[in-house]
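Observations on the three-dimensional arrangement
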Amino acid sequence: MNKILVFGLMSFCLLQPLAAQEYNKVEGVWNATFIDLPLNDKLSLRSEFHFRTVDYFNVWNQQIFRPQLTYTDSKNIKWTAGYTYLRNFDSDINADPRVRNEHNIWEQVVYTIPLKKSSLSTWIRLEHRFQEELPLQTNRSLRSFDFSSRIRFRFTYERTLSKPEAKVPVNFIFYDEVFTIMSPGGTPFKFNQNWTFFGLGIKLTDKMRINTGFQKNTIFKSTDNYLKNRLWNTILFYKI
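Figured I'd write up the structure that's included with this text. (Residues numbered from 1 in each chain as written. Predicted model: local features only at pLDDT ≥ 70, side-chain atom pairs only at ≥ 80, totals over all residues. Heavy atoms only, no water.)

**Focus: the overall build of the protein chain**
Each helix and strand counted, the protein chain has 1 helix and 11 strands in total. Secondary structure of the protein chain in N-to-C order comes out as α-β-β-β-β-β-β-β-β-β-β-β. The C-alpha atoms of the protein chain give a radius of gyration of 19 Å, which matches the 18 Å a tight globule of 240 residues would have. Projected onto the principal axes, the alpha-carbon positions of the protein chain cover approximately 60 × 40 × 40 Å. Contacts in the protein chain between residues at least 24 apart in sequence constitute 48% of all its contacts with a sequence separation of at least 6. (Helix = DSSP H or I, 4+ residues; strand = E, 2+ residues; numbered from the N terminus. Rg over C-alpha atoms; globule rule 2.2 N^0.38 Å. Contact = heavy atoms within 4.5 Å.)

Listed below in structure tokens is the structure:
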């Protein structure tokens, strides 16, 4: 509990400067499917497919494809490397062109602390991003990519809500994730995003589970201007 308290105080102090800023607000839906393929006791493959909208289901926001390879070092530590392809949509549906593509390569380490009826975990992900330069060119052959790096830190708390003999186990899930842009010298220097999620994890079968809940994303847009995206996030996990 001391670790939870310390993290909560740190998050409060870090996010207090955002309280006085100007916000634009949107609502949306985030649906995703994660497909897992174990290769052996240590290695596994995962493919993620994400579909995000704003104005509920009416306007595309983002489409993501993310294959990855995970090595389980122990029951507490996992190392992952992967690739992400993103299609980012301009909020203006009449924009031409409207889609900005991004490719990134990333590395991640997850550390989990099991507790009685619950668990704490943290992960750090380093992303190497290749984004189409703005303003976008209508002629795709004229488009070019710029490079940047970003580091992401997530804290997750998960607690069992159902009884041990329950046919459909249910967990409570909370996480908070901070995104920070890296300087060319490789040090964090600018706030990018903050994600906060709380919801339920439901184990449907031995091979399938679902996480669903409310998420709020606070995204830096420009000086003193932030986008606040409230969305319902649902992820289906399926193990082959």
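**So, the pattern of salt bridges**
Applying the stated rule across the entire model yields 10 salt bridges. Salt-bridge contacts for R46 lead to D36; the nearest nitrogen and oxygen are separated by 2.6 Å. Of this pair, R46 sits in strand β2 (residues 43–54) while D36 sits in strand β1 (residues 22–38), placing them 10 residues apart in sequence. The class for D36 is buried, based on a relative accessible area of 16%. Taking the shortest distance from any N to any O, the salt bridge between R140 and E132 comes out at 3.6 Å. Judged by relative accessible area, which is 3%, E132 ranks as buried. When salt bridges that share partners are traced, they join E127, R150, R152, R154 and E177 into one network. (Salt bridge = Lys/Arg side-chain N within 4 Å of Asp/Glu carboxyl O. Buried < 20%, exposed > 50% of the residue type's maximum accessible area, 1.4 Å probe, protein only.)

**What about the side chain of R98?**
Within the secondary structure layout, R98 lies in the loop between β4 (77–89) and β5 (99–115). Buried charge without a salt bridge: R98, with D90 as the nearest opposite-charge side chain at an N-O distance of 5.9 Å. Within polar-contact distance, the side chain of R98 engages the backbone oxygen of W60 at 3.1 Å. R98 has contacts with V59, W60, N88, F89, D90, D92 and I93, leaving out every residue within four places of it along the chain. (Lys, Arg positive; Asp, Glu negative; His and termini not counted. Polar contact = N/O pair within 3.5 Å; in protein donor to acceptor, adjacent residues only side chain to side chain.)

**Digging into the pairing of strand β3 (residues 59–72)**
Across 12 bridges, β2 lies against β3 in antiparallel orientation. Across the sheet, E48 pairs through a bridge with R66, a residue of β3. Hairpin connection between β2 and β3: a loop of 4 residues separates the two successive antiparallel strands, and D55 in this loop has a positive phi of roughly 55 degrees. Summarising the sheet, β3 and β4 pair through 9 bridges and their orientation is antiparallel. Bridge assignment links I64 to a residue of β4, and that residue is L86. Counting the residues between successive antiparallel strands, the hairpin from β3 to β4 contains 4 residues. (Pairing = 2+ DSSP bridges.)

**Comments concerning the packing of aromatic side chains**
Taken as a whole, this structure holds 11 aromatic pairs when the rule is applied. On the basis of an interplanar angle of 50 degrees and a centroid distance of 5.0 Å, the ring pair of F130 and F147 is categorised as tilted. One end of the pair, F130, is in strand β6 (residues 118–132); the other, F147, is in strand β7 (residues 145–160), with 17 residues separating them in the sequence. A relative accessible area of 34% means that F130 is categorised as partly exposed. Here the aromatic rings of F179 and W195 are separated by 4.7 Å at their centres, their planes lie at 50 degrees, and the arrangement is tilted. One end of the pair, F179, is in strand β8 (residues 170–182); the other, W195, is in strand β9 (residues 188–203), with 16 residues separating them in the sequence. By relative accessible area, which is 1% here, F179 ends up buried. Chaining the aromatic ring pairs together yields one cluster made of W30, F179 and W195. Positioned above the aromatic ring of W30, the side-chain terminus of R52 is 4.3 Å from the ring centre. (Phe/Tyr/Trp six-rings, centres within 6.5 Å; stacked < 30°, edge-to-face > 60°. Lys NZ or Arg CZ within 6 Å of the ring centre and 35° of its normal.)

**Observations concerning a nonpolar patch on the surface**
Together, L37, L39, L45, L69, Y238 and I240 give the surface a local cluster of nonpolar side chains, amounting to about 500 Å² of exposed area. Here L45 lies in strand β2. When its relative accessible area of 35% is taken as the criterion, L45 is described as partly exposed. (Patch = residues over 30% accessible without salt bridge, like charges linked within 9 Å, V, L, I, M, F, W, Y side chains within 5 Å. Areas by Shrake-Rupley, 256 points an atom, 1.4 Å probe, with all protein chains shown as cover.)

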